[in-house]
Amino acid sequence: MPNLTRRDLMAGTAAGAAAMTIGGRVALAQQPNTLIIGNQGAQTHFDPHGGQDYPTSVIIRNVYDGLVDVVGMPPRIEPRLATDWTVSGDGLVYTFNLNREAKFHDGAPVTAEAVRYSFERIKAVGRGNNWMIDGVVGPDSIRVVDDHTVEFTLLQPFAPFLQVLPWISVVNPAVIEANEGGDLGQTYLLNDTAGSGPFTVARFEPENVIDFRRDPTYWREGGGNTDTVIWRYVRENTNQRLMLRRGEIHMAVDLTSDDMSALEGAPGVVRVIEPGDRTFSIKMNTEHGPLSDVNLRKAVSHAFDYDAMRSVSGFADLMHGPLPSGFFGHDPSIDVPRKDLDRAREYLAQTAYPEGGLTLDIVHVVGLEQQRLWCLVLLDSLQELNIDVNIRPSTWPDMVRMCESPETFPDFFSVYLGVSYADPDVIAFAGYHSSRNGGWQNGVYNNAEVDALIEAARFEPDEARRAELYSQIQQNIVDDAPDLFGVVERAKVGLRDNVENYEFSPIIVQAVSFFPLSVS
Amino acid sequence: MLSYVLFRIALIVPLLIGLSLLVFVIGRVLPGDPAALAAGPYATAEQRAAVAAEFGLDQPIAVQYWDYVTGLFEGDLGRSIMTRRPVAGDLALYLPATLELVAASLLLAVAVSIPLGLVAGLTANRAPDMTISAGTLSAMSMPQFFLGLVLQLIFAMWLSLLPLSGRLPFTVAPPPAVTGFYTIDSVLAGQWHTLWLSLVHLALPAITMALAPIAMITRIMRASTMEALQQDYVRNARALGLSIRLILFKYVLKNAASATLTMIGLYVGWMLGSTVLVEKVFDWPGIGLYATNAILNQDFNPVIAVTLVIGVIFIATNLIVDLLYGVLNPKVGDR
């Protein structure tokens, strides 16, 4: 028996495999309307209200519909379930008219009641993207006017309201209630769907593959020719690169800068490198330890070698202040720290360590080589001030734990922040509002004035006044120097040249919208 | 004999209790906050507490352990705190993939290393032995993930002979699940093309996994053969004029096999615990990756379940190995 297997394997290696591989390619070519996307998003469920990672966003965009959609670059809001809407002058009341054609996968119409049910459900589940409407949509906020009209009365004005709506999906109440299971259907949605979106799921293997099929009865007009999309978990980004080069996959969504460089000039491959949605900063412990002295933080901010950071970051742009440039509200006129050793030494002279001679800790996620490089840049930069840096790789759960209190928070903390909806509020609130203290996005920094400004900007309906508020927020944060403002990584997507109608959007880049895509 | 088997099976229970206790305690004394991690970055303190309460993490560790063990007796391995999926269901999906890979590489290893070891032992310190020994030495010093990448580069990228990764091509649906082994299931379903595809996909990862055991077992086999050849009974058999073929296959091989068998038993455990690198390189959806992700997220239930499953398989394999000793050597069987 062993010999048989051995012979099989040897035969596979030697001869038959050639035919096989060719056979495999033929099989691909014989399925003309099939698009294969390689990704590292381990998909484990189909609950649009149950997660906030990018695999969940893939489901939200393709299996479900939201009231509105966000597309393109710069991101713009477009109608989806709602054909049109009105906003009251005080920014509190939003009235949406629903598309009468909209139907769930079981044929039932998408009604105003389904919209109300879905918002109630995400609030009850309390996870996923619920944070986006927390404190904005209350228990009595939603009124069903008639079958196709729904009215939201917000608890307080919330300027980014339309921007968060693409990420709150509408689910089919009949399906959820039939499979309620005592947990709002969460167990049911681990393997099944309840949507109205352009695609349904034909086959699912958790953390491996999803076989999406275009719903032939989908209610929206248009769309591309792909009727099958295979969403395939490819764990190694190098494998994604190799498969894209070989034409085994049509799209790769987790490529690194090195991969992009290696793909330069590869035949049949199109590289998309656009302004990204992920910032990297080094947070400082503003509350405990030596860095609670603002002068030391400023000394560090002026000693840091930003150009060196840029040069080890691959496809990335230096941040100019706390908010990512390219989004509404970013103020490019603010004077942000750049390497200037004279100023650094002036600030240092005003601290308890005028000659340096101290050691500061920085933690980064173990195994993330990019973060380690940035830590080395810091180590190198601070030697100029006679400050030693102790680099501590740590697991992510351990790092989350460190954020519990200023005493456990390290001197420097490496952190990525994602832009999950197209508004500066997402970074300002998550990264700098004191209500986030104790979490990893903003472990310790708090400033009552900045808090008040962030809240005001959140609720301000007037665009010009909002922009002014964000300007003040950025100035105040820069004055406090709680972070070494790092880089915005460019978004990187690899495509085969036979993929058509792909439109880049910087919001959750990996969550590709399949609807318009065609393969020729 | 039967009482011995029963005794050994009964021994599994205290072993598993010890194992589970160890993993349970280690998991909980490590710093980190799995509930905060699972609740996500925007969760409020109440939401984090709710997740902790839902998964019993707010209970004293003794209570948590008791709940876990009583659950085990009902076949409940708990749920993953990160994905909320039942662990038993996940294991049913990932374990066969790993077992298929381990079985294939073990069969490959045995099929290659026993003849090689035998030849090396027979030709000790002459050219064939020198070549084989040099080969095994370099094979042993080759890191697995590196070998995997090199094989991918040569056979998938340059020669385009074999697939880069995965268990089947993206567009091919797996055979109806019976055992979870794609090879066996496609035979059962009569899907010969799928069988062929799954064998071709198995080739590179199985070779990668098999190389180190091939080297090790070859060396053990070589030493055992050399030792057996010097025994009195071989000299005696030769003096009696028995053909070398008969001596070799009837006596020497059987005696040399027991040390090799021990190695194989140990390798099952080693392979189950070390598939993760190969799984990552070849995108093999097995328990190694599942456990690694769980460890990184401090997702206790999958970690304990994988540890226990590997433990059970390891103990069972070694029980079988011990029983096979008795077949090979009646002196051992007398116990």
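Residues numbered from 1 in each chain as written. Chains lettered and ligands numbered in written order. Predicted model: local features only at pLDDT ≥ 70, side-chain atom pairs only at ≥ 80, totals over all residues.

### Considering the packing of helix H1 (residues 2-29) of chain B against helix H14 (residues 300-328) of chain B
All names here are of chain B. Interaxial distance between H1 and H14 falls to 10 Å at its minimum, and their mutual angle equals 150 degrees. Looking at the two axes, H1 sits roughly antiparallel to H14. When the axes of H1 and H14 are compared, the crossing they make is right-handed. Residue-level contacts link Arg8, Ile12, Leu15, Leu16, Leu19, Ser20, Val23, Phe24 and Gly27 of H1 to Phe300, Val303, Ile304, Thr307, Leu308, Gly311, Val312, Ile315 and Leu319 of H14. Looking at the contact of H1 with H14, its residues break down into 13 nonpolar, four polar and one charged. (Axes fitted to C-alpha atoms, helices over the stretch in contact; angles between N-to-C directions. Helix = DSSP H or I, 4+ residues; strand = E, 2+ residues; numbered from the N terminus. Parallel < 35°, antiparallel > 145°, perpendicular 65-115°, else oblique. Left-handed = near helix turned anticlockwise from the far one by under 90°. Contact = placed C-beta atoms within 7 Å. Nonpolar A, V, L, I, M, F, W, Y, C, P; charged D, E, K, R; others polar.)

### Here's the deal with the domain arrangement of chain A
Residues and elements named next belong to chain A. Taken as a whole, chain A is organised into domain 1 (14-46 + 197-276 + 491-519), domain 2 (65-178) and domain 3 (279-489). Each of domain 1 and domain 3 has a C-alpha centre, and the two are 35 Å apart. Facing ten residues of domain 1, the contacting portion of domain 3 comprises nine residues. Contributing elements (two or more residues each) for the side of domain 1 that touches domain 3: helix H7 (257-262) and strand S12 (269-284). Among the residues making up the side of domain 1 that touches domain 3, the classes are represented as five nonpolar, three polar and two charged. (Domains from an automatic or database assignment.)

### Observations concerning H14 of chain B
Note on helix geometry: an α-helix contains 3.6 residues per turn, so any two residues three or four positions apart are oriented the same way. Residue and element names in this part refer to chain B. The end-to-end C-alpha distance of H14, which contains 29 residues, comes to 42 Å, matching closely the 42 Å that a straight helix rising 1.5 Å per residue would cover. Phe300, Asn301, Pro302, Val303, Ile304, Ala305, Val306, Thr307 and Ile310 are the residues of H14 that are buried. Along its buried surface, H14 packs onto H1, helix H2 (34-39), helix H5 (87-122), helix H11 (244-273) and helix H13 (287-296). (Expected span 1.5 Å × (residues − 1). Buried ≥ 20, exposed ≤ 12 C-beta atoms within 10 Å, placed from the backbone.)

### Let's talk about the interface of chain A and chain B
Facing the 49 residues of chain A at the interface are 46 residues of chain B. Only helix H1 (2-29), strand S1 (34-39), strand S8 (199-205), strand S10 (228-233), helix H6 (237-246) and helix H12 (396-402) of chain A provide two or more residues apiece to the side of chain A that touches chain B. Sort the elements by how many residues they give to the side of chain A that touches chain B and H1 of chain A lands first, with 15 residues. Residues of the side of chain A that touches chain B, tallied by class, amount to 19 nonpolar, 18 polar and twelve charged.

### A few points about the nonpolar core
The nonpolar side chains of a soluble globular protein tend to be buried with one another. Ranked by size, the top nonpolar core spans 228 residues in total, and within it Ile37, Leu378 and Ile473 of chain A together with Ala206 of chain B carry the most contacts. For this core, the leading source of residues is helix H9 (residues 192-229) of chain B, giving 20 residues. With residues up to four places along the chain from it excluded, the contact list for leucine 378 of chain A reads Ile282, Phe304, Ile362, Val389 and Phe412 of chain A. (Core = buried A, V, L, I, M, F, W, Y, C linked by C-beta atoms within 7 Å.)

### Looking at the packing of helix H14 (residues 448-459) of chain A against helix H15 (residues 463-480) of chain A
Residue and element names in this part refer to chain A. At a minimum axis distance of 9 Å, the contact between H14 and H15 shows a crossing angle of 160 degrees. With respect to each other, H14 and H15 are oriented roughly antiparallel. Our pair here, H14 against H15, has a crossing hand that is left-handed. Contact residues: Glu449, Val450, Leu453, Ile454, Ala456 and Ala457 in H14; Arg466, Leu469, Tyr470, Gln472, Ile473, Asn476 and Ile477 in H15. Partitioning the contact of H14 with H15 into residue classes produces nine nonpolar, two polar and two charged.

### Here we look at the environment of glutamate 151 of chain A
All names here are of chain A. Mapped onto the fold, glutamate 151 is located in strand S7 (residues 149-153). Note: C-alpha distance between glutamate 151 and valine 87 (64 residues apart in sequence) is 9.8 Å. The residues contacting glutamate 151, other than those within four sequence positions of it, are Val93, Thr95, Arg143 and Val145.

### Some words on helix H4 (residues 61-73) of chain B
For H4 of chain B, built from 13 residues, the straight-helix expectation of 18 Å at 1.5 Å per residue is met to within 8% by its first-to-last C-alpha distance of 19 Å. The positive-phi residue at the C-terminal boundary of H4 of chain B is glycine 75 of chain B, with phi of around 75 degrees.

### Considerations on the confidence of the model for chain B
Residue and element names in this part refer to chain B. In the predicted model, chain B carries a mean pLDDT of 86, and 99% of its residues have values of at least 70. Ranking the helices and strands of chain B by mean pLDDT puts helix H8 (residues 182-188) first, with 92, and helix H15 (residues 330-333) last, with 65. Under the prediction, the complex receives an ipTM of 0.80, its pTM being 0.84. (pLDDT = per-residue confidence, 0-100.)

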